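Take a look at the letters that make up each chain.
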Amino acid sequence: MIQADVVIVGGGASGFFAAINIATFNPELKVIILERTKEGLKKVRISGGGRCNVTHAEFIPQELVLNYPRGEKELLGPFHQFMTGDTVAWFEERGVTLKIEDDGRMFPTSNTSQTIIDCFKNEAKKCGITIKYEHVLKSIKKRDNIWCLDTNNGSFYANKILIATGSSIKVWNLLEGLGHAIVTPVPSLFTFNVTDKRIKDIPGVVAKEVDIKVLGTHLESQGPLLITHEGFSAPAILKLSAFGALELAERGYRFQIQINFIKIPYGDCLEVLKELKYPMAKKKVIKFTQFGLPKRLWQQLVLASGIKAHVIWADASKPQLERLSAQLTKAVFQVKGKSTFKEEFVTAGGVDLKEINFKTFESKVHKNLYFAGEVLNIDAVTGGFNFQNAWTGAYIAARHISNTE
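Since we're looking at a predicted model, the values are computed, not measured. (Residues numbered from 1 in each chain as written. Predicted model: local features only at pLDDT ≥ 70, side-chain atom pairs only at ≥ 80, totals over all residues. Heavy atoms only, no water.)

1. Let's talk about the packing of helix H1 (residues 13-25) against helix H6 (residues 114-126)
Move 1: Where H1 contacts H6, the two axes come as close as 10 Å, and the packing angle between them is 35°. Both H1 and H6 take part in a crossing whose hand is left-handed. Between H1, through Ala13, Phe16, Phe17 and Ile20, and H6, the contact on the second element is made entirely by Phe120, Lys121, Glu123 and Ala124.
Move 2: Of the residues that constitute the contact of H1 with H6, the class distribution is 6 nonpolar, no polar and 2 charged. (Axes fitted to C-alpha atoms, helices over the stretch in contact; angles between N-to-C directions. Helix = DSSP H or I, 4+ residues; strand = E, 2+ residues; numbered from the N terminus. Left-handed = near helix turned anticlockwise from the far one by under 90°. Contact = heavy atoms within 4.5 Å. Nonpolar A, V, L, I, M, F, W, Y, C, P; charged D, E, K, R; others polar.)

What follows is the structure, encoded as structure tokens:
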């Protein structure tokens, strides 16, 4: 049996961040991290293709919360306490500088996640935090206001505990046993599986800005679209998958999407195509790409409109141009499944947000039980937002746990 003031379950981003801040706020507290794997911080290591997408360059709380399909309302107050600028300052104080990329994502200037991992491990060592690797949580009990955590490698007792285990079904089951409500998890941040001859032979093609709708729903999105070997990916799709996580799961990931590849209405597009018949009269329709579309995508949409490769603009019939306009502005594709986005597995679901005090990230069900990160029913679109949620929740919980408010 080992006793501590604070035990943190989960040696990931939010677990380390909370532990370091607790020990910094109150060095007298004995802090232990219990991590089930051999080294922890796995998501930090693989995030951003191994560069660690630490946060996003959005510095207004009201704008930042718009990137959270679940947690938007609850995170507004916390982001006024600790958000992007505070994250940047926290790392800079510890010798880690961050840079902003064109799309707003922020990475360490070293371009490697190892910088963040080294920072956490060095700070944990400096603060005297004990890290117990390969300790799998078996049960959580509360006796006389003391928490007892049983693991495969012994028992731990603590006055306060923080759960930072991410999307762990086993831990969610344990929390249900304590009386917490768990929102059933479903995948978020996934790509769409589409088998369609229009995109079969053009993987790697990017349409820079499209509008997408999920037919029969209110779901829509804008942004870049990447054609892959499996179907569609990139921000336009990932945003749809995050905000539509629950609805798309209910549909068994089988639904239709409508894509406007050029972001102008059907009628306007048709007028442009008609006007091209004269200046481009002797040129082949398939050869001269319009609307700034990638050449290979234009060719496939032309062929899908029933316009043969030899047809010149002068010979393109009105029905053919109408079909081409439809392909450009309201092309329908059947989605038949999903795939995980790179190595990033994010879920919608977790501890019900109604049971959390967001001024402290403490449970409303049990005193001295705190949460941070994706163990809560909070998730975000891609771009560093899930990490920002982890830093914010961990920091606020740490401040309260350390009794320095």
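2. Section: the environment of Ala314
Move 1: Structurally, Ala314 can be placed in the loop between helix H11 (295-304) and helix H12 (318-329).
Move 2: Along the backbone, Ala314 and Lys282 are 32 residues apart, and their C-alpha atoms lie at a distance of 6.4 Å.
Move 3: Contact partners of Ala314, with chain neighbours within four places excluded, come to Lys277 and Ala281.

3. Some points on the sheet that holds strand E15 (residues 254-260)
Move 1: Strand order in the open sheet formed by 7 strands is E16-E15-E12-E13-E14-E11-E17, with antiparallel pairing between adjacent strands. This sheet does not close on itself; its edge strands, each paired only once, are strand E16 (331-336) and strand E17 (338-340). Within the sheet, the average angular offset between the axes of one strand and its neighbour, ignoring direction, is 40°.
Move 2: Sheet topology note: the strand E11 (residues 190-193)/E17 ladder contains 3 bridges and is antiparallel. In the strand pairing of E17, Phe192 is matched with Lys338.
Move 3: In the packing of helix H8 (residues 235-243) onto the sheet, the strands contacted are E11, strand E12 (206-214), strand E13 (220-227) and strand E14 (231-233), and the crossing angle to E13 comes to about 130°.
Move 4: Here H12 sits on the sheet and contacts E15 and E16; the angle it forms with E15, its principal contact strand, is near 110°. (Pairing = 2+ DSSP bridges.)

4. Section: the nonpolar core
Move 1: Formed by 83 residues in total, the largest nonpolar core has its most connected members in Val7, Phe120, Ile163 and Leu175.
Move 2: A total of 9 residues in this core trace back to one element, the largest contributor, which is helix H13 (residues 385-401).
Move 3: Not counting residues up to four positions away in its chain, the partners in contact with Ile163 are Val9, Ile140, Val171, Leu175, Leu369, Tyr370, Phe371, Ala372 and Val375. (Core = buried A, V, L, I, M, F, W, Y, C linked by side-chain atoms within 4.5 Å. Buried < 20%, exposed > 50% of the residue type's maximum accessible area, 1.4 Å probe, protein only.)

5. Here's the deal with the sheet that holds strand E4 (residues 98-100)
Move 1: If you walk across this open sheet you meet the 3 strands as E3-E5-E4, and the pairing is antiparallel. Two strands bound the open sheet, and with one partner strand each, they are strand E3 (55-56) and E4.
Move 2: Both E4 and strand E5 (residues 105-108) contribute to a ladder of 3 bridges, which runs antiparallel. In the sheet register, Leu98 faces E5, and the bridge partner there is Pro108.

6. Comments concerning the pairing of E16
Move 1: Alternating residues of E16 divide into Ala331, Phe333 and Val335, all buried, and Val332, Gln334 and Lys336, none buried.
Move 2: Where E15 lies against E16, 6 bridges are found, and the strand directions are antiparallel. Along E16, the bridge assignment pairs Arg254 with Lys336.

7. A few points about the packing of aromatic side chains
Move 1: In total, this model carries 22 aromatic pairs according to the counting rule given.
Move 2: Ring plane angle 85° and centroid distance 5.2 Å describe the contact between Phe192 and Phe255, whose orientation is recorded as edge-to-face. Residue Phe192 is located in strand E11, and its partner Phe255 is located in strand E15; the two are separated by 63 residues in the primary sequence.
Move 3: Among the residues examined, Phe192 registers a relative accessible area of 1% and is labelled buried.
Move 4: With a relative accessible area of 4%, Phe255 lands in the buried category.
Move 5: Positioned over the ring face of Tyr266 is Lys330, at 4.3 Å from the centre of the ring.
Move 6: The ring of Tyr253 carries Lys338 above its face, with NZ or CZ at 5.1 Å from the centroid. (Phe/Tyr/Trp six-rings, centres within 6.5 Å; stacked < 30°, edge-to-face > 60°. Lys NZ or Arg CZ within 6 Å of the ring centre and 35° of its normal.)

8. Things to note about H1
It helps to recall that an α-helix has 3.6 residues per turn; residues three or four apart then point in one direction.
Move 1: Taking 1.5 Å per residue as the helical rise, H1 with its 13 residues ought to reach 18 Å, and the 18 Å between its terminal C-alpha atoms agrees with that figure.
Move 2: With 11 of 13 residues buried, H1 lies mostly within the body of the structure.
Move 3: Considered for burial, the residues of H1 that qualify are Ala13, Ser14, Gly15, Phe16, Phe17, Ala18, Ala19, Ile20, Asn21, Ile22 and Ala23. (Expected span 1.5 Å × (residues − 1).)

9. Let's talk about the environment of Asn111
Move 1: Note on placement: Asn111 falls in the loop between E5 and H6.
Move 2: Taking the C-alpha atoms as reference points, Asn111 and Ile378, 267 residues apart in sequence, are found 27 Å from one another.
Move 3: Residue contacts for Asn111: discarding those within four places in its chain leaves Gly50, Arg51 and Lys99.
Move 4: A distance of 2.9 Å separates the side chain of Asn111 from the side chain of Arg51, its partner in a polar contact. (Polar contact = N/O pair within 3.5 Å; in protein donor to acceptor, adjacent residues only side chain to side chain.)

10. Describing the side chain of His180
Move 1: Of note, His180 is situated in the loop between helix H7 (169-177) and strand E10 (182-188).
Move 2: Within polar-contact distance, the side chain of His180 engages the side chain of Ser363 at 2.7 Å.
Move 3: What His180 contacts, discounting residues up to four positions off in sequence, is Leu175, Val351, Glu355, Ser363, Val365, Leu369 and Phe371.

11. Remarks on the pattern of salt bridges
Move 1: In this structure the tally under the stated criterion is 15 salt bridges.
Move 2: A salt bridge links Lys99 to Glu101; the nearest nitrogen and oxygen atoms lie 3.8 Å apart.
Move 3: Among the residues examined, Glu101 registers a relative accessible area of 21% and is labelled partly exposed.
Move 4: Glu101 is paired through a salt bridge with Arg105; the nearest N and O atoms lie 3.9 Å apart.
Move 5: Since its relative accessible area comes to 25%, Arg105 is described here as partly exposed.
Move 6: Put simply, Arg51, Lys99, Glu101, Asp103 and Arg105 are held in one network by salt bridges that share partners. (Salt bridge = Lys/Arg side-chain N within 4 Å of Asp/Glu carboxyl O.)

12. Digging into the environment of Lys336
Move 1: Following the sequence through the fold, Lys336 ends up in strand E16.
Move 2: Under the relative-accessibility criterion, Lys336 is labelled exposed at 53%.
Move 3: Separated by 80 residues in sequence, Lys336 and Gln256 place their C-alpha atoms 8.8 Å apart.
Move 4: Among all residues touching Lys336, those that are not within four sequence positions of it are Asn193, Tyr253 and Arg254.

In short, geometric facts, not functional conclusions.
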